[in-house]
Amino acid sequence: MKYKRPPAKHIEIPVASLGDIAFLLITFFMFCSTFSRTGGGKIAPAQSPHLVQLQEGKVSVEIDEDGKIYIQGQIVPDASAVESSVGALIEGATTEQGKTVMFKCDKHVTKQVFEPVLGAIAKAGATIAALGERPNDKQGVQP
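Residues numbered from 1 in each chain as written. Predicted model: local features only at pLDDT ≥ 70, side-chain atom pairs only at ≥ 80, totals over all residues. Heavy atoms only, no water.

## Observations regarding the pairing of strand S4 (residues 100–105)
Heads up, the rule is: When accessible area is computed with a 1.4 Å probe and restricted to protein chains, residues below 20% of their type maximum are described as buried, those above 50% as exposed, and intermediate ones as partly exposed. Helix and strand assignments come from DSSP, with helices taken as H or I runs of at least 4 residues and strands as E runs of at least 2, each series counted from the N terminus. Pairing between two strands is assigned when DSSP locates at least 2 bridges connecting them. When the strands point away from the viewer, a crossover counts as right-handed if the route from the first strand across the helix to the second turns clockwise.
Summarising burial for S4: five of the six residues are buried, a large majority. Pairing between strand S1 (residues 59–63) and S4: five bridges, direction parallel. Counterpart to glutamate 62 in the pairing with S4 is lysine 104. As defined by bridge partners, S4 adjoins strand S5 (residues 127–130) across four bridges and the pair is classed as parallel. Its bridge partner being in S5, methionine 102 is matched across the sheet by alanine 129. Of the crossover connections in this fold, the one passing from S4 over helix H3 (residues 111–123) to the parallel S5 is right-handed.

Written out as structure tokens, the structure reads:
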């Protein structure tokens, strides 16, 4: 006995509003994300087995392998401009996290370069959180 199937129904999917939905999703994710505040220089971070996870601060200061200083991804001419720039960025912050400066320095930069920057950050009244990475297990240090 042969059964006859009913003819398949043609279903239309409205796609007129998909462009609007995609635009709204892109806008939503842009507002919910944090944009990179890092500079363009190459940085090989210092390594230590004693690192702890921190919540990201609002202000970022970096020194790349060439000794260039970046604040919030923008290059700064020298360490003397760091104090005023950092002071302006943390002005009005009421919490300790708001006054935390994420400091990242290339491991090959000498102390003559990074010490004045650290001093300027401290004079601005900020708390310094130095960033680095844990050494890998190949070197015999366990995280």
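## Examining the packing of helix H2 (residues 82–90) against H3
Counted only if it meets this: Every axis in this analysis is a line fitted to C-alpha atoms, fitted for helices over the stretch in contact. Angles between the N-to-C directions lie between 0 and 180 degrees. Throughout this description, any angle smaller than 35 degrees is read as roughly parallel, any larger than 145 degrees as roughly antiparallel, any in the 65 to 115 degree range as roughly perpendicular, and the remainder as oblique. Take the far helix as your reference; a near helix turned counterclockwise from it by less than a right angle gives a left-handed crossing, and one turned clockwise gives a right-handed crossing. Residue contacts are counted whenever heavy atoms from the two residues lie within 4.5 Å of one another. Polar here means any residue outside two lists: the nonpolar Ala, Val, Leu, Ile, Met, Phe, Trp, Tyr, Cys and Pro, and the charged Asp, Glu, Lys and Arg; Gly therefore counts as polar.
One way to put it is that H2 packs onto H3 with a least axis distance of 8 Å and a crossing angle of 40 degrees. The orientation of H2 relative to H3 falls into the category oblique. Considering the relative orientation of H2 and H3, their crossing is right-handed. Touching Val82, Glu83 and Val86 of H2 are Val117, Ala120, Ile121 and Lys123, all from H3. Class assignment for the residues of the contact of H2 with H3 results in five nonpolar, no polar and two charged.

## Some words on H2
Rules: Of all possible arcs, the one meant is that of the directions from the helix axis to the C-beta atoms.
Where H2 is concerned, the buried positions are Val82, Val86 and Ile90. Seen from one end, H2 has its buried residues packed into an arc of 45 degrees, which puts them on one side. Count one or two residues on from H2 and you reach glycine 92, which has phi positive near 85 degrees.

## Let's talk about the pairing of S1
Counting buried positions along S1 gives five out of five residues, so the element sits mostly inside the fold. Both faces of S1 are covered, namely the face carrying Val59, Val61 and Ile63 and the face carrying Ser60 and Glu62. Here S1 pairs with strand S2 (residues 69–71) via three bridges, running antiparallel. For glutamate 62, the partnering residue across the bridge sits in S2 and is tyrosine 70. Here S1 hands over to S2 after five residues, with glycine 67 in that stretch at a positive phi of 85 degrees.

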